[in-house]
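Observations on the three-dimensional arrangement
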Amino acid sequence: MKQVSENVDGRNSRWQRHRAKRRIELITAARDAVATHGAGISMEEIATACGTSKSVFYRYFKDKSGVQAAVGEYFVSRMRTRMVAAAHEADSFAATVHALVKEYLKSVEASADVYRFVVTAPADGDSAIEQFLDSVCQLLMDQHIRHRGEQAMPEALLQCWAASTVGMVRGAGEAWLALPDTEDKPDRPAMSQLITDWAVQGLRPDTYTTLSADETSAQTTPQES
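The present account deals with the structure reproduced in this document. Model, not experiment: these values are computed from the prediction.

Focus on the packing of aromatic side chains
Tallying each qualifying case throughout the model produces five aromatic pairs. Ring geometry for F57 and F61: centres 6.3 Å apart, planes at 35 degrees, overall tilted. Accessibility expressed as a relative area gives 0% for F57, which makes it buried. Here F61 falls in the buried class, since its relative accessible area comes to 4%. An angle of 50 degrees between the planes, with centres 5.5 Å apart, marks the rings of F93 and W161 as tilted. With a gap of 68 residues between them, F93 in helix 5 (residues 93-110) and W161 in helix 8 (residues 155-178) connect regions that are remote in the sequence. Relative accessible area serves as the criterion here: at 14%, W161 is assigned to the buried category. Here a set of aromatic residues connected by ring pairs shows up, and it is made of F57, Y60 and F61. Over the face of the ring belonging to Y74 we find R78, whose NZ or CZ atom lies 3.5 Å from the ring centre.

Here's the deal with the environment of A30
Along the polypeptide, A30 turns up in helix 1 (residues 2-37). C-alpha separation for the pair A30 and Q68, spaced 38 residues apart in sequence, amounts to 9.0 Å. Apart from residues no more than four positions distant in its own chain, A30 is found in contact with I46, C50, F57, V67 and V71.

What about empty space enclosed by the protein?
Taken as a whole and judged by the stated rule, the model has one cavity of 30 Å³ or more. What the largest cavity holds in volume is close to 140 Å³. What lines the largest cavity is a set of 13 residues, and nearest its centre among them are M83, Y104, V136, V166 and V169. Of the residues in the lining of the largest cavity, the class split is 11 nonpolar, one polar and one charged.

Here is what the cut-offs are and how they apply
- Residues numbered from 1 in each chain as written.
- Predicted model: local features only at pLDDT ≥ 70, side-chain atom pairs only at ≥ 80, totals over all residues.
- Heavy atoms only, no water.
- Phe/Tyr/Trp six-rings, centres within 6.5 Å; stacked < 30°, edge-to-face > 60°.
- Buried < 20%, exposed > 50% of the residue type's maximum accessible area, 1.4 Å probe, protein only.
- Helix = DSSP H or I, 4+ residues; strand = E, 2+ residues; numbered from the N terminus.
- Lys NZ or Arg CZ within 6 Å of the ring centre and 35° of its normal.
- Contact = heavy atoms within 4.5 Å.
- 1 Å grid on protein atoms, 1.4 Å probe; cavity = no way out; pocket = protein on both sides within 12 Å on 5 of 7 lines; lining within 4 Å.
- Points joined across faces, edges and corners; volume = space filled by probe spheres on them.
- Nonpolar A, V, L, I, M, F, W, Y, C, P; charged D, E, K, R; others polar.

What follows is the structure in structure tokens.
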């Protein structure tokens, strides 16, 4: 009986590994199809581009929303890894904010259609995007404490600041991404600097002037003065 049980367990383990590997293959294939054909792609078009059928996708994901959620989780988990690395390399809190903003804009610009595909998924309070935003809020708070130590904001105030900053960065980034390519549209480095200035110094929509990198690093939040 023991030998039979071990054989069954071994087959189950191999089957689970196969399913996990196949699921990742489908996720990356779907991501590539979206990047090539646009965020409005249908499941039929995704399956065709991936050389398979909708029924195969639906064995792993219950519907298109499931595919969007899986692609979203894959997309934002990698973006967060890069953001964490960038934050830990920054030598000041202002530089940390700038690093996070730069990485966010770089990711959404490089994979604009994939990002749109992910964020247009039906609302889910526990979605990959919402989890990602929560994790970035926590990252901001951790970095503020790391750089400010005993002078850090009180936790309740810090939570509010982090949530408002993440919301502003996301809103500004998505608005920038949607702008037509005209002479008035800031390029990514300029937009990264603008959003950093807004987050660190406060919103000042009456001017387009941006600070140099050295000036930005020298600035602090009101609580850091």
